[in-house]
Amino acid sequence: EDAERLIIDVRNNSGGLNSNVQKIASLFVSKQLTYSSTIPKTGPGYDDLGTPYENSILPDDDFYFSKPVTVITNKSSMSNAEWFAYAMSLNETITTVGDYTAGATLGINGVDLLPNGWLLQISRELNYTEKGESFESIGYAPDVLVQNMEDDIANGIDKCLEEAMLH
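Residues numbered from 1 in each chain as written. Predicted model: local features only at pLDDT ≥ 70, side-chain atom pairs only at ≥ 80, totals over all residues. Heavy atoms only, no water.

S.K.: Tell me about the overall build of the chain, and please be specific about residues and values.
M.R.: A tally of helices and strands in the chain yields four helices and nine strands. Helices (α) and strands (β) of the chain occur, in sequence order from the N terminus, as β-α-β-β-β-α-β-β-β-β-β-α-α. Relative to the compact-globule value of 15 Å for 167 residues, the chain shows a C-alpha radius of gyration of 17 Å, a close match. For the chain, the spread of C-alpha atoms along the principal axes amounts to about 50 × 45 × 25 Å. For the chain, the residues scored as buried account for 35% of the 167 residues in total. Long-range pairs, those at least 24 residues apart, make up 71% of the contacts in the chain between residues at least 6 apart in sequence. On the chain, roughly 9,900 Å² of surface is accessible, and the fraction owed to carbon and sulfur atoms is 52%. (Helix = DSSP H or I, 4+ residues; strand = E, 2+ residues; numbered from the N terminus. Rg over C-alpha atoms; globule rule 2.2 N^0.38 Å. Buried < 20%, exposed > 50% of the residue type's maximum accessible area, 1.4 Å probe, protein only. Contact = heavy atoms within 4.5 Å. Areas by Shrake-Rupley, 256 points an atom, 1.4 Å probe, with all protein chains shown as cover.)

This is the structure:
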């Protein structure tokens with residue numbers, strides 16, 4: 001609470017529960033923020049889709065961090081890590097820095113191991129931003145694009161973190 005600013009690093013984060021996105025992001029919003037809509041798959045047909053619903057962040061009743069926050073992303077930020085970065089970016093005190101995210105934002109209905117050793121994941125929903133855009137197969141583009149190169153990493157240089165410290 002006494003920090004002048006925060007850096008939240010979601011690089012190499014494979015996602016998790018939407019409720020965690022909402023809980024953590026609730027500490028950084030002063031009013032309700034709708035960041036996406038979800039359309040559930042309801043049957044085997046291509047157009048078997050349910051009623052869309054909105055995903056929103058409600059302010060935490062006990063705590064609000066209003067100082068600058070930077071969220072760092074990379075190509076291994078997936079699923080709800082992508083949605084977290086995007087939702088946070090809708091707040092004017094928050095900047096996202098790093099590389100595009102993975103573009104793996106469809107809800108997955110379990111993972112099945114096939115006899116040949118491959119994994120099968122089936123999408124169970126479609127997800128769009130509050131503006132109707134999708135990150136699927138594209139990824140979320142951070143506010144400030146910074147890419148760490150292999151040589152930099154090998155030499156202990158983290159350009160993404162250095163840039164995040166400037167915001």
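S.K.: Could you give an account of unusual backbone geometry, naming the residues involved and the relevant values?
M.R.: Here the phi dihedral of N12 falls at roughly 60 degrees; this positive angle occurs in a residue that is not glycine. Relative to the elements of secondary structure, N12 occurs in the loop between β1 (6–9) and α1 (18–25). Residues other than glycine seldom take positive phi values, yet S137 does so here, at roughly 65 degrees. With respect to the helices, strands and loops of the structure, S137 is situated in the loop between β8 (125–129) and β9 (144–145). Accessibility expressed as a relative area gives 65% for S137, which makes it exposed.

S.K.: Quick one: what's the story with the sheet that holds β1, residue by residue and with numbers?
M.R.: One open sheet holds the four strands; their spatial order is β1-β4-β5-β9, and the pairing between them is parallel. In this open sheet, the two edge strands, each paired with only one partner strand, are β1 and β9. For strand β4 (residues 69–73) and strand β5 (residues 94–98), the ladder comprises five bridges, and the chain directions are parallel. In the strand pairing of β5, I72 is matched with V97. Along the sheet face, helix α2 (residues 80–89) touches β1, β4 and β5 and points at about 150 degrees away from the line of β4. (Pairing = 2+ DSSP bridges. Axes fitted to C-alpha atoms, helices over the stretch in contact; angles between N-to-C directions.)

S.K.: How would you sum up the nonpolar core? Please name residues and give values.
M.R.: Counting 22 residues, the largest nonpolar core has I8, Y35, V69, V71, F84 and M88 as the members making the most contacts within it. Counting only elements with at least two residues in this core, the list comes to α1, β2 (33–40), β4 and α2. For this core, the leading source of residues is α2, giving seven residues. For F84, the residues in contact, after removing those within four places along its chain, are I8, V10, V21, I24, A25 and V71. (Core = buried A, V, L, I, M, F, W, Y, C linked by side-chain atoms within 4.5 Å.)

S.K.: Requested: an account of the side chain of N55, with residues and values cited.
M.R.: In this structure, N55 sits in strand β3 (residues 53–57). Only 2.8 Å separates the side chain of N55 from the side chain of T38, close enough to count as a polar contact. Among all residues touching N55, those that are not within four sequence positions of it are N18, Q22, L33, T34, Y35, S36, S37 and T38. (Polar contact = N/O pair within 3.5 Å; in protein donor to acceptor, adjacent residues only side chain to side chain.)

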